[in-house]
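Coordinate analysis (summary)
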Amino acid sequence: MVEKKYLLDDSIGYKLFQASRLMNSRLNQNFRLHEYTITYEQWQVLSRLYEEDGLTQNQLAMTIERDQGSISRLIDNMIKRGLVGRIPDDTDRRIKRVFLTEESHRIQEELEEIAVKTISQATRNMSEKELETCLNMLDQIRGNLK
């Protein structure tokens, strides 16, 4: 059996990292082109809240795979920008729930269109079947490493 030499450029981890970095950069660029100063990280929070408004900070941290400190700073910044609000839970005042503002609801449709455009740019020349296979493989990788 011949041992395969490790080459960084052929590493799946390296290729995933570079693809992710490029997609995040393109999304940020597309937001800026439409005069939104929203970052990829803020978009992750908004997307989760568009799916289910009023999540706790802990739930947000788990769903976007961030630590508590970084999610807290991210939400603080988004509060200052008028994108979300933080409200104590009705049953446990120690728990803080995060809610979308009217401004976030107002811009939802256009932000989602920009995100879909970015995905289309990234998957150009891929068939639906290839995209489905790619997404399934990425899910498998994530599952293997959790």
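Residues numbered from 1 in each chain as written. Predicted model: local features only at pLDDT ≥ 70, side-chain atom pairs only at ≥ 80, totals over all residues. Heavy atoms only, no water.

1. With respect to helix α1 (residues 12-33)
Helix length check: α1 (22 residues) gives 31 Å between terminal C-alpha atoms against 32 Å at 1.5 Å per residue, within 8%. Listed in full, the buried residues belonging to α1 are Gln 18, Asn 24, Leu 27, Asn 28, Asn 30 and Phe 31. N-cap assignment for α1: the residue whose side-chain oxygen lies 3.3 Å from the backbone N of Gly 13 is Ser 11. Downstream of α1 by one or two residues, Glu 35 has phi in the positive range, about 65 degrees. (Helix = DSSP H or I, 4+ residues; strand = E, 2+ residues; numbered from the N terminus. Expected span 1.5 Å × (residues − 1). Buried < 20%, exposed > 50% of the residue type's maximum accessible area, 1.4 Å probe, protein only. Polar contact = N/O pair within 3.5 Å; in protein donor to acceptor, adjacent residues only side chain to side chain.)

2. Structural notes on the packing of aromatic side chains
Aromatic ring pairs are defined here through the distance separating the ring centres and the angle between the ring planes. All told, the structure shown has two aromatic pairs when counted by the stated rule. Here the aromatic rings of Phe 31 and Trp 43 are separated by 5.7 Å at their centres, their planes lie at 65 degrees, and the arrangement is edge-to-face. One end of the pair, Phe 31, is in helix α1; the other, Trp 43, is in helix α2 (residues 40-51), with twelve residues separating them in the sequence. Trp 43 carries the same exposure label as Phe 31, and that label is buried. One aromatic cluster in this structure is built from Phe 31, Trp 43 and Tyr 50. (Phe/Tyr/Trp six-rings, centres within 6.5 Å; stacked < 30°, edge-to-face > 60°.)

3. Remarks on the pattern of salt bridges
In this structure the tally under the stated criterion is eight salt bridges. In this structure, Lys 146 and Glu 65 form a salt bridge, with 3.4 Å as the shortest nitrogen-oxygen distance. Taken as a pair, Lys 146 in the segment after α6 (128-145) and Glu 65 in the loop between α3 (57-63) and α4 (68-80) lie far apart in primary sequence, 81 residues in all. Residue classification places Glu 65 among the partly exposed positions, given a relative accessible area of 48%. The shortest N-O distance in the salt bridge between Glu 103 and Arg 106 comes to 2.8 Å. (Salt bridge = Lys/Arg side-chain N within 4 Å of Asp/Glu carboxyl O.)

4. A short note on the packing of α2 against α4
In a packed pair of helices, the relevant descriptors are the angle between the two axes and the axis-to-axis distance. Packing of α2 against α4 brings their axes to within 11 Å, and their N-to-C directions diverge by 85 degrees. If you check the angle between α2 and α4, you find them roughly perpendicular. The residues of α4 that touch α2, namely those facing Glu 41, Gln 42, Val 45 and Leu 46, are Ile 71, Leu 74, Asn 77 and Met 78. The residue inventory of the contact of α2 with α4, partitioned by class, reads five nonpolar, two polar and one charged. (Axes fitted to C-alpha atoms, helices over the stretch in contact; angles between N-to-C directions. Parallel < 35°, antiparallel > 145°, perpendicular 65-115°, else oblique. Contact = heavy atoms within 4.5 Å. Nonpolar A, V, L, I, M, F, W, Y, C, P; charged D, E, K, R; others polar.)

5. With respect to a nonpolar patch on the surface
A cluster of nonpolar side chains, namely Ile 12, Leu 16, Leu 135 and Leu 138, defines an oily patch on the protein surface of about 320 Å² accessible area. The set of elements that each furnish at least two residues to the nonpolar patch consists of α1 and α6. Take Ile 12: it is sitting in helix α1. You can call Ile 12 exposed: its relative accessible area is 55%. (Patch = residues over 30% accessible without salt bridge, like charges linked within 9 Å, V, L, I, M, F, W, Y side chains within 5 Å. Areas by Shrake-Rupley, 256 points an atom, 1.4 Å probe, with all protein chains shown as cover.)

6. Brief notes about the packing of α2 against helix α5 (residues 102-122)
One way to put it is that α2 packs onto α5 with a least axis distance of 11 Å and a crossing angle of 110 degrees. On the basis of the axis angle, α2 is roughly perpendicular to α5. When the axes of α2 and α5 are compared, the crossing they make is left-handed. Within the contact between the two elements, α2 uses Trp 43, Leu 46 and Tyr 50 and α5 uses Ser 104, Ile 107, Gln 108, Leu 111, Glu 112 and Ala 115. Looking at the contact of α2 with α5 residue by residue, the classes come out as six nonpolar, two polar and one charged. (Left-handed = near helix turned anticlockwise from the far one by under 90°.)

These results come straight from atomic positions and should not be treated as a statement about function.
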